[in-house]
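# Working through the structure, step by step
Spelled out from the first residue to the last, the chains are:
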Amino acid sequence: MPVSLNRNMAMPSWFDISGLSPDSQEDEAGIKQAAENVKALIDQEVKSGIPSHRIILGGFSQGGALSLYTALTTQQKLAGVVALSCWLPLRASFSQGPISGVNREIPVLQCHGDCDPLVPLMFGSLTVEKLKSLINPANVTFRTYSGMMHSSCIEEMMDVKQFIDKHLPPID
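These lines cover the structure that appears in this document, whether it is placed above or below. Residue positions are given per chain, counting from 1 as you read along its sequence in written order. In view of the model being predicted, local features appear only for residues whose pLDDT reaches at least 70, and side-chain atom pairs are presented and counted only at 80 or more, with totals across whole chains, interfaces and linings using the full set of residues. Only hydrogens and water are set aside when side-chain values are computed; all heavy atoms of the structure are taken into account.

So, about the sheet that holds strand E3 (residues 56-60). Two strands make a pair as long as DSSP finds a minimum of two bridges between them. Put simply, DSSP H or I for four residues or longer makes a helix, DSSP E for two residues or longer makes a strand, and each gets a number counted from the N terminus. One open sheet accounts for four strands, arranged E3-E4-E5-E6; its pairing is parallel. Pairing within the sheet leaves two strands with one partner each, and these edge strands are E3 and strand E6 (140-145). Looking at each pair of strands side by side, their axes are set apart by 10 degrees on average, direction ignored. Here four bridges tie strand E4 (residues 80-84) to strand E5 (residues 108-113), and the two strands are oriented parallel to one another. Each axis is a line fitted through C-alpha atoms, and for a helix only the stretch in contact is used; angles between axes span 0 to 180 degrees, taken between their N-to-C directions.

This part is about the environment of Cys86. Considering the arrangement of structural elements, one finds Cys86 in the loop between E4 and E5. In this structure Cys86 comes out as buried when scored by relative accessible area, which is 0%. Residues contacting Cys86, with those up to four places away along its chain left out, are Ser61, Gly64, Ala65, Leu68, Gln110, His112, Val119, Phe123, Gly124 and Thr127. Accessible area is worked out with a 1.4 Å probe on protein chains only. A residue is then buried under 20% of its type maximum, exposed over 50%, and partly exposed in between. In what follows, residue pairs with any heavy atoms lying within 4.5 Å of each other are defined as contacts.

To continue, consider the pairing of E3. Alternating residues of E3 divide into Leu57 and Gly59, all buried, and Ile56, Gly58 and Phe60, none buried. Looking at chain direction, E3 and E4 are connected through five bridges and run parallel. Paired with Leu57 across the strands is Val81, a residue of E4. Seen with its strands pointing away from the viewer, a crossover is right-handed if its path from the first strand over the helix to the second goes clockwise. Handedness of the crossover joining E3 and E4 through helix H2 (residues 62-73) is recorded here as right-handed.

Purely spatial values, then, with no claim about function.
Quick look at the structure:
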């Protein structure tokens, strides 16, 4: 889709982005529609026999942002969220204090590089503080990686594997 930040050139994108600062205008309709699309995917998995509490949402950058937003707004109980190099979109739309939804105890692994020039570490820090006010703070893990830019590293992937292994144990 065309992305404003990319001079309206088309690129893979869940929703439009007009700026990369905490006070940039957000594509509320696009974010909400993208979250509905993810919720429909969850519904399809549930209809095919996978209980929602065995589903972890996850993504990188915009995908991680959408995963956080979707988990906080869905009525499906999820197993967790892996949020890499991202932020919480529409953060001002969430009330002060804990969410009332089914995922207020959801485990979240949020990871960020300390040298990310695209989504600065400050976004990750602001997000983790907001998350700790919305869900059980004991269930929020924030990891930073020295020297990592807007990318990934083996240490981060090992943390993701450990998180998945812990929150999606094998079914006997």
